[in-house]
Amino acid sequence: MKTAIYSLYQAKEFVRASFFVRQCLPSLSEARQLLIMVNEEGMDGFADKCRQLSPFIHVLGGEGNLGVAGGRNALIRYGLESGFDFFISCDNDILFGEDYFAKIELSYERLRRVDPRVGLVQPVLLDGRGLKGALGLANVRDWQEFGNGESLAQSVLCEPWSWFVTALGSERAVKTIYHAGVNNAWAAHFSGSRPEDASHLPWDNGHEARYGSLEPTLRSSPLLAKLMAAGDPAPVFTVAGGITAFHKDVIAESGQYNDKFNPFGYEDSEFGFRTTQLGLNNYLLCSVLAVHDPFMGISNRDLYSHATIARLRAIEIADLPANDPRRAYALGQSLFFCWPSHNAQVRDSIANGEIPQADAVASAAKFFASYVLNFLYGMFGIPGADGSPCGDHLFDRLLPAGFSGCDLKDATLELGRGTRFRALDLAIKVTEGAERRRILSVVAMNCHLEEAAAGSALITSRYFDAYLVLEEKAEHQFELRVNLQANADTLSAKVVVDFAGPMSSGFRAPPALEVLDCTRNIYDFGSFSVENIYPPPSFDKSKEWFPELDRAARGIRSRGGAFSWLVDSIVVYLSGATPSALSLAATPVQPAPGKSSIPAVSSPAIPVPPRKKRVLVFTDSRGQHKPVGQKHLIFGERLQGDARLEVDLFLCPMKWTTTLDFLEMFDDAKLASYDAIVLWTGIVDWSPRPVSSAINELYNNASAINLENTGLNTSDYSRKVVNNKKGAFDGVFGSEHMNAHFALPFETMYANERTMNMYGLEMARQSLIPRLAGIRNLIFINANRFVSGWEGDFKKGRPTNIDLTHAYSDVFSDGLANSAKIIDLRKWSDDQVKHYTCDNIHVTKAGSDYIYSEVMAAIGLPVLELMDSCVDPSEHPVNAPAPAPAASNSQLLSKGEGAFAGVANPERTMTQGRDCSTNEHAIAEFRDANRLYREWDYASALSAYVRLGKADPQLWLYRRQAVDAYLRAMELGQSCEQEDIVFVKALVGAN
């Protein structure tokens with residue numbers, strides 16, 4: 001492995017950099033060379049001196065300041081072109097021992113042997129200011145006095161961590177750690193206030209299990225002292241750019257540093273964040289130490305430089321997949337909940353005398369403008385006039401100098417990921433209003449959003465005309481007016497944002513936000529108003545932007561207010577909900593007398609179709625097999641038939657379906673798109689089988705067939721997928737560990753062979769369970785105990801060591817307890833196992849129904865009972881004609897008429913076993929109730945179902961529909977009659 005040490009240099013660092021080069025000299029060779037970038041105009045003789053010292057030093061640059069990211073990228077490109085494999089970044093203010101680079105290389109090579117997905121590594125960086133005495137520098141004031149470093153106690157730099165603990169004491173030694181990586185980048189990069197009841201934070205599932213702590217950095221966690229004492233590599237989220245090391249493969253997969261961070265700031269944070277998002281694992285090398293600048297003074301960064309974190313946030317958000325639910329959190333933190341912490345920065349700058357009190361308002365305005373424009377620059381790449389994103393005035397920076405307007409035809413704005421905004425006519429105009437304040441007007445005609453979905457036709461939103469006016473009403477106050485119109489449907493809003501008050505008070509209060517108008521109007525112009533010249537809207541089929549918009553709407557809806565209504569309206573608007581379905585006429589949002597102009601969420605009566613929860617169900621044969629003679633719907637099929645859910649079902653897709661198959665089929669971005677992921681695998685992985693079967697059939701099968709049948713859900717084993725799983729297993733555990741595992745089979749014999757399963761318990765703890773723990777919204781179903789001496793209808797006999805699966809079920813359940821919801825089948829007694837399974841493994845109807853109930857509880861939805869007939873046979877009149885055979889549940893579900901279809905067919909359901917002539921009125925009323933349900937008027941539908949339910953208490957359908965309508969009304973905040981609520985609560989036994 002050929003190593004490149006790379007570093008940046010400017011002339012003002014001559015003394016420091018000269019010592020840095022001398023530190024490196026003993027470590028340089030043909031296999032390890034030093035690359036230096038002169039990151040400014042001209043050379044000052046430094047390059048010539050370096051070349052005289054060693055042929056293994058390469059000095060580049062001298063053509064201008066490329067910035068930190070740009071300079072490092074230039075060095076990396078040079079290294080790649082020169083054949084280097086491994087890169088170690090080392091700023092020239094770092095002190096280190098002679099074995100420093102060798103330790104990094106050795107630690108990395110050891111890591112890569114056990115983790116082929118190792119990404120970035122960094123040593124532990126100590127704060128030289130706290131070690132000046134130990135380093136012999138107590139009386140040295142700066143690098144100029146340091147000179148050639150004769151006073152440096154060089155041997156200290158080679159000492160292990162235990163030496164520092166002995167010399168300084170444990171507590172003080174830990175306090176000298178300057179940088180130990182970022183442990184929770186989500187919390188560190190997107191810090192700010194958040195609601196007390198916030199849920200589904202990016203670090204909720206699996207983060208603590210993987211990184212050991214939820215603190216932003218390990219320096220804030222007591223875990224650091226334990227890690228340092230152990231000396232083993234520790235996983236971290238991101239690392240420090242000045243001491244980062246990585247293999248060239250990392251660059252090939254993730255790319256280089258982002259040049260948008262030039263001249264400097266946060267480029268290393270984003271680089272580490274990006275590698276983690278790509279599935280690489282970054283580490284802190286706890287046994288490798290370096291010392292940071294012992295003469296570092298107080299930071300001279302001004303207030304506005306702190307606004308560049310907006311650039312980091314925007315770039316990281318832009319890099320997340322469009323369907324990643326974490327984007328909503330990141331956007332909320334970046335645009336709304338970050339301001340208390342930024343306000344504190346402004347107040348501190350005033351309190352510390354960095355900003356005169358008289359300039360407080362102007363400085364706060366500059367900070368806000370700088371933050372906004374940094375965010376725009378990071379998200380969209382919009383630079384200022386001088387190439388930087390920071391500026392004093394919003395209009396000055398967003399509009400070119402002297403710009404007064406333009407007219408464009410067929411204008412497009414690429415939004416990324418195959419989606420763009422398109423307007424056939426676009427006019428932009430800048431005018432002056434009162435007191436010479438500027439007004440920006442945008443008129444977009446015949447515009448829409450469109451998405452090029454892979455393998456399908458172009459997806460488009462509704463076509464509409466858009467009118468936008470941004471007017472500077474007063475100093476620090478802007479008014480935004482928006483109007484959208486499509487056919488007879490218009491949506492308009494007027495919002496004023498005022499920063500004058502909060503800024504004059506030192507940002508001790510949030511900006512004032514006033515919604516002056518928020519209206520949706522639908523006019524009935526007759527049939528001639530329907531336009532047929534545009535394609536019908538299909539944006540709700542979007543796999544990229546619409547789900548994200550829908551998630552954002554749900555997040556905002558939970559906070560209530562006018563924005564909740566506005567965003568909900570936009571969701572319906574873009575997806576093409578028809579005006580007739582909405583039944584709305586001019587419905588402006590009016591503030592209550594004496595109240596804020598921001599209305600409550602229930603003010604506008606705009607019905608929005610409730611979003612179905614997206615659920616993935618992935619099982620081995622336990623989720624598909626039905627005992628002989630049983631024809632029930634298994635729990636996955638029941639979930640798929642529920643109108644409240646959108647279910648992707650994968651029932652035993654492989655002949656041997658393992659947990660590794662699940663991880664191989666679904667990447668992180670795909671998994672993040674689900675509200676719940678039901679996983680029932682493991683029994684194939686854990687169960688002992690003949691060694692030849694484990695190796696040749698499961699692990700390294702050379703006869704792959706039916707690879708296209710993964711979504712077939714067939715119970716015909718001749719059509720199931722047989723795949724080679726070696727790549728998947730090696731990717732998780734490493735080929736060395738797999739070979740070692742198979743080399744030590746169990747003593748127990750089965751089918752004349754020693755037995756073996758697919759991985760050991762420790763392999764699962766170290767490599768597989770952390771992967772599962774990182775999956776958000778996971779519902780894991782473990783395995784029940786085997787009843788000794790009973791095998792039910794399984795006639796072949798199982799290995800006598802089959803009960804070793806018990807230990808695996810325990811380890812997985814314990815390892816996932818803090819990150820996933822566990823459906824625990826271990827608590828079944830022996831009698832229950834015999835009742836709920838037919839053979840210790842595969843469940844009966846009772847077992848499937850048990851699991852269905854547990855899954856619904858984990859998803860957070862009530863169970864709606866599925867019944868094979870509407871009326872008990874004993875209710876049939878003796879002399880009544882024999883009723884027609886009732887449709888089976890599977891038939892009803894296939895027609896969308898079953899117990900989970902939302903609204904049921906009244907004639908089919910209500911006439912079974914009854915005199916149809918006596919039910920005509922009820923059928924008509926039931927049809928009317930279903931119409932209200934379909935139009936999302938759930939409260940009115942509830943009242944109709946309750947009336948029917950009281951009139952005919954024997955018919956279960958009314959009760960079921962009443963419960964469903966009530967739940968949906970509550971979800972949308974619709975007001976229900978008190979007597980209806982009492983009726984439903986009595987049905988479900990609630991207080």
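Just so it is clear, the model here is predicted, and its values are computed rather than measured. Chains are numbered independently. Their residues run from 1 in the order of the written sequence. Note on the predicted model: pLDDT of at least 70 is required for a residue's local features to be given, and 80 or more for side-chain atom pairs to be given and counted; whole-chain, interface and lining totals, by contrast, use all residues. With hydrogens and water set aside, each side-chain value is computed from the structure's full complement of heavy atoms.

Caption draft 1: A look at helix 32 (residues 845-859). Numbering of helices and strands runs from the N terminus; a helix is a DSSP stretch of H or I covering at least four residues, while a strand is a stretch of E covering at least two. The span one expects for a helix is its residue count, reduced by one, times 1.5 Å. Taking 1.5 Å per residue as the helical rise, helix 32 with its 15 residues ought to reach 21 Å, and the 21 Å between its terminal C-alpha atoms agrees with that figure. The buried label goes to any residue with under 20% of its type's maximum accessible area, the exposed label to any with over 50%, and the partly exposed label to all in between, with areas taken from a 1.4 Å probe on protein chains only. Turning to helix 32, its buried residues are Gly 847, Ser 848, Asp 849, Tyr 850, Ile 851, Tyr 852, Val 855, Met 856, Ala 858 and Ile 859. Positive backbone phi, at 95 degrees, marks Gly 860, one or two positions downstream of helix 32.

Caption draft 2: A look at the sheet that holds strand 23 (residues 689-690). Here, strands pair whenever DSSP counts at least two bridges between them. The 3 strands are arranged 23-25-24 in an open sheet whose pairing can be described as antiparallel. With one partner strand each, in any of the chains shown, strand 23 and strand 24 (749-750) form the two edges of the open sheet. Pairing of strand 23 with strand 25 (residues 753-756), which is carried by 2 bridges, proceeds in the antiparallel orientation. Among the inter-strand pairings, Arg 689 is bridged to a residue of strand 25, identified as Met 756.

Caption draft 3: Main features of the packing of aromatic side chains. When two rings of Phe, Tyr or Trp (its six-membered ring) have centres within 6.5 Å they constitute a pair, described as stacked for plane angles under 30 degrees, edge-to-face for angles over 60, and tilted for the intermediate range. If you walk through the whole model with that rule in mind, you get 41 aromatic pairs. Taken together through their ring pairs, the aromatic side chains of Trp 686, Tyr 699, Phe 729, Phe 733, Phe 742, Tyr 759, Phe 780, Tyr 808 and Phe 812 make up a single cluster. Throughout this description, the term charge over a ring refers to an Arg CZ or Lys NZ atom that lies within 6 Å of the ring centre and within 35 degrees of the ring normal. Over the face of the ring belonging to Tyr 674 we find Arg 614, whose NZ or CZ atom lies 4.5 Å from the ring centre. Of note, Lys 720 hangs over the ring of Tyr 717, and the distance from its end group to the ring centre comes to 5.1 Å.

Caption draft 4: Region of the structure containing the pairing of strand 22 (residues 676-680). For strand 22, the tally of buried residues reaches 5 of 5 residues, placing the bulk of the element in the interior. Looking at chain direction, strand 20 (residues 613-619) and strand 22 are connected through 5 bridges and run parallel. Each residue of the ladder has a partner; that of Val 615, found in strand 22, is Ala 676. One ladder, built from 3 bridges, connects strand 22 with strand 26 (residues 778-781); its direction is parallel. Residue pairing in the sheet places Ile 677 in a bridge with Leu 778 of strand 26.

Caption draft 5: Representation of helix 36 (residues 938-951) in the model. With 14 residues, helix 36 extends 20 Å from end C-alpha to end C-alpha; this agrees with the ideal 20 Å at 1.5 Å per step. A large share of helix 36 lies buried, amounting to 10 of its 14 residues. Looking at helix 36, one finds that the buried residues are Tyr 938, Ala 939, Ala 941, Leu 942, Ser 943, Ala 944, Tyr 945, Val 946, Leu 948 and Gly 949.

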